[in-house]
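# Overview (structure and organization)
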Amino acid sequence: MTTATRRVLVVRLDSMGDVIMAGPAVRAVAAREDTEVWFLGGPRGRSAARLLPGIDELRVVGVPWITAVDRPVDASLVAEVDAVVEECRPDEAIILTAAHQSPLPIALLLRLAGVPRILGASVEASAGLLDERWIPGETFPEDVPEPERNLAIVQLAGYALPEGDDGALHVDLPAERAAVLDDLPAEYLVVHPGAQYPAREYPAHHFTEVVRLLVEAGHAVAVTGGEHERALTAAVAGEHGIDLGGRLDLGGTAQALAGASAVIVGNTGPAHLAAAVGRPIVSLFSAVVPPERWAPYGVPVELLGRRDAACRGSRATLCPVPGHPCLTSVAPTEVVAAAERLLARA
């Protein structure tokens, strides 16, 4: 085994799905034999980063300009970044950001902490902050899926996926199977009704009807969700589904998704987790962000939702259009039909 002679700090400070979509880029950096990969993530991405292949060390810092972290930008934040850099002593840092984000705030903190070489993509001038700056839409295409955008950035930094790596999303499943999954039948579908933002939510009563119709059609349906979503998953599962709400951590959720014949989910982190375990997906996709960038990647997908809705491209967290028509217009029967199409293709 080759001993690592250099360290690279890969930075992606967002939520679960964003971290999962950084997976191919992380694997490309890790493929260089002399390199040890440290990953700097945010609190909402911590659990996902633990599942990514290629990460040697994980550190977490919450920054309020990326996710909703209840903290000021002050000396304590600077000290946290300093401590990570002091421990890691990276030879270089590669900052991964979405199109609507700037790498420059974290680049400034990394520079002040002493990182000798910092790379990233920015439409803003970055003299003194980025040693290599790539301009989205000029140096590399902008309207591409998020995993390809991340991979383009590390490729410009000189890293490439190893031979045989297909560039798809992947996670490492926990070695020990979650005990609650032993009660699931051999074949089942997963419905994940929650979403991080209300503007991306398919109505709960529609999800309840989807579960009922699927069970009537002869399918077993497991309903997943976090501890804070127990009331939602119980309502959606109703008398027909298997309620797993609050009973699984992220690794266990990945195991549940990996065993499913198909997954029905909104535009939220578990959609990307389902893609990372290779499941076909019915995606109830709100128009607030473009599916060309954020739809589930690399797996069969049935994309539902009105693309021409007035909220399209707004990045709204609360739907600005009365009635939330981009998703409420999708009838439960359409969702079930889409799931049946995926199953038939499989």
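Bear in mind the structure is a predicted one, so any value in this text is a computation, not a measurement. (Residues numbered from 1 in each chain as written. Predicted model: local features only at pLDDT ≥ 70, side-chain atom pairs only at ≥ 80, totals over all residues. Heavy atoms only, no water.)

### Re the sheet that holds strand S12 (residues 301–304)
Neighbouring strands of a sheet are bound in pairs by backbone hydrogen bonds; such pairs are parallel or else antiparallel. Across the sheet, six strands lie side by side as S9-S8-S7-S10-S11-S12; this open sheet has parallel pairing. The open sheet has two free edges, formed respectively by strand S9 (242–243) and S12, since each of these has just one partner strand. Bridge analysis of strand S11 (residues 281–284) against S12 gives four bridges, and the strand direction is parallel. Bridging from a neighbouring strand, Ile281 pairs with Val301 of S12. (Pairing = 2+ DSSP bridges. Helix = DSSP H or I, 4+ residues; strand = E, 2+ residues; numbered from the N terminus.)

### Some remarks on the packing of helix H2 (residues 23–30) against helix H6 (residues 146–156)
Their axes nearest at 7 Å, the elements H2 and H6 cross at an angle of 25°. Classified by the angle between their axes, H2 and H6 sit roughly parallel to one another. Viewed along their axes, H2 and H6 form a crossing whose handedness is right-handed. Here H2 contributes Pro24, Ala25, Ala28 and Val29 to the contact with H6, which in turn contributes Pro147, Asn150, Leu151 and Val154. Here the residues of the contact of H2 with H6 are counted per class, giving seven nonpolar, one polar and no charged. (Axes fitted to C-alpha atoms, helices over the stretch in contact; angles between N-to-C directions. Parallel < 35°, antiparallel > 145°, perpendicular 65-115°, else oblique. Left-handed = near helix turned anticlockwise from the far one by under 90°. Contact = heavy atoms within 4.5 Å. Nonpolar A, V, L, I, M, F, W, Y, C, P; charged D, E, K, R; others polar.)

### Some words on the sheet that holds strand S6 (residues 132–134)
With respect to topology, six strands assemble into an open sheet ordered S3-S2-S1-S4-S5-S6, the strand pairing being parallel. Here the strands that pair on one side only, and so sit at the sheet edges, are strand S3 (57–60) and S6. Mean inter-strand twist for the sheet, computed between neighbouring axes without regard to direction, equals 20°. Relative to strand S2 (residues 35–41), strand S1 (residues 6–12) runs parallel, the two being bridged by seven bridges. In the strand pairing of S2, Leu9 is matched with Trp38. Along the sheet face, helix H5 (residues 104–113) touches S1, strand S4 (92–95) and strand S5 (118–121) and points at about 170° away from the line of S4.

### A look at the nonpolar core
Buried together is how nonpolar side chains tend to be arranged in soluble globular proteins. Within the largest apolar cluster, 93 residues are counted, with the highest numbers of intra-cluster contacts made by Ile94, Val154, Ile264, Leu284 and Val335. Residue contacts for Leu284: discarding those within four places in its chain leaves Tyr202, Phe207, Ile264, Val265, Gly266, Asn267, Leu304, Leu327, Val330 and Val335. (Core = buried A, V, L, I, M, F, W, Y, C linked by side-chain atoms within 4.5 Å. Buried < 20%, exposed > 50% of the residue type's maximum accessible area, 1.4 Å probe, protein only.)

### Things to note about helix H9 (residues 250–258)
With eight of nine residues buried, H9 lies mostly within the body of the structure. If you check which residues of H9 are buried, you get Leu250, Gly251, Gly252, Thr253, Ala254, Gln255, Ala256 and Leu257. For H9, the secondary structure elements touched by its buried residues are helix H1 (16–20), helix H3 (46–49), strand S7 (189–192), strand S10 (263–266) and helix H10 (269–276). If you check the start of H9, you find a side-chain oxygen 3.2 Å away from the backbone N of Gly251, and it comes from Asp249. (Polar contact = N/O pair within 3.5 Å; in protein donor to acceptor, adjacent residues only side chain to side chain.)

### Digging into the pairing of S11
Residues Ile281 and Ser283 point to one face of S11 and Val282 and Leu284 to the other, with burial holding for every one of them. Bridge count for S10 against S11 is four bridges, and the pairing is parallel. The residue bridging Val263 from the neighbouring strand is Ile281, located in S11. In this view, the connection linking S10 to its parallel neighbour S11 by way of H10 has right-handed handedness. (Right-handed = clockwise from strand over helix to strand, strands pointing away.)

### Some words on the side chain of His272
In this fold, His272 is placed in helix H10. Those residues in contact with His272 that lie beyond four places of it in its chain are Gly17, Ile20, Met21, Leu169, Asn267, Trp294, Ala295 and Pro296.

### Comments concerning the packing of H9 against H10
Remark: H9 packs on H10, axes separated minimally by 9 Å, with the N-to-C direction vectors making an angle of 55°. As the angle between them shows, H9 and H10 are arranged oblique. Where H9 crosses over H10, the two elements pack in a sense that is right-handed. Here Leu250, Thr253, Ala254 and Leu257 of H9 lie close against H10, whose contacting residues are Pro270, Leu273 and Ala274. Each residue belonging to the contact of H9 with H10 can be placed in one class, and the counts come to six nonpolar, one polar and no charged.

### Quick word on the pattern of salt bridges
Under the counting rule described, the total for this entry stands at 21 salt bridges. Ionic pairing is found between Arg59 and Glu57, a salt bridge with its closest N-O pair at 3.2 Å. What makes Glu57 partly exposed here is its relative accessible area of 30%. Residues Arg212 and Glu209 are paired through a salt bridge, measuring 2.6 Å at the closest nitrogen-oxygen approach. You can see Arg212 and its partner Glu209 sitting in helix H7 (residues 204–216), three residues apart, about one turn around the helix. Since its relative accessible area comes to 25%, Arg212 is described here as partly exposed. Beyond isolated ion pairs, a larger network of salt bridges with shared partners links Arg12, Asp14, Asp18 and Glu146. (Salt bridge = Lys/Arg side-chain N within 4 Å of Asp/Glu carboxyl O.)

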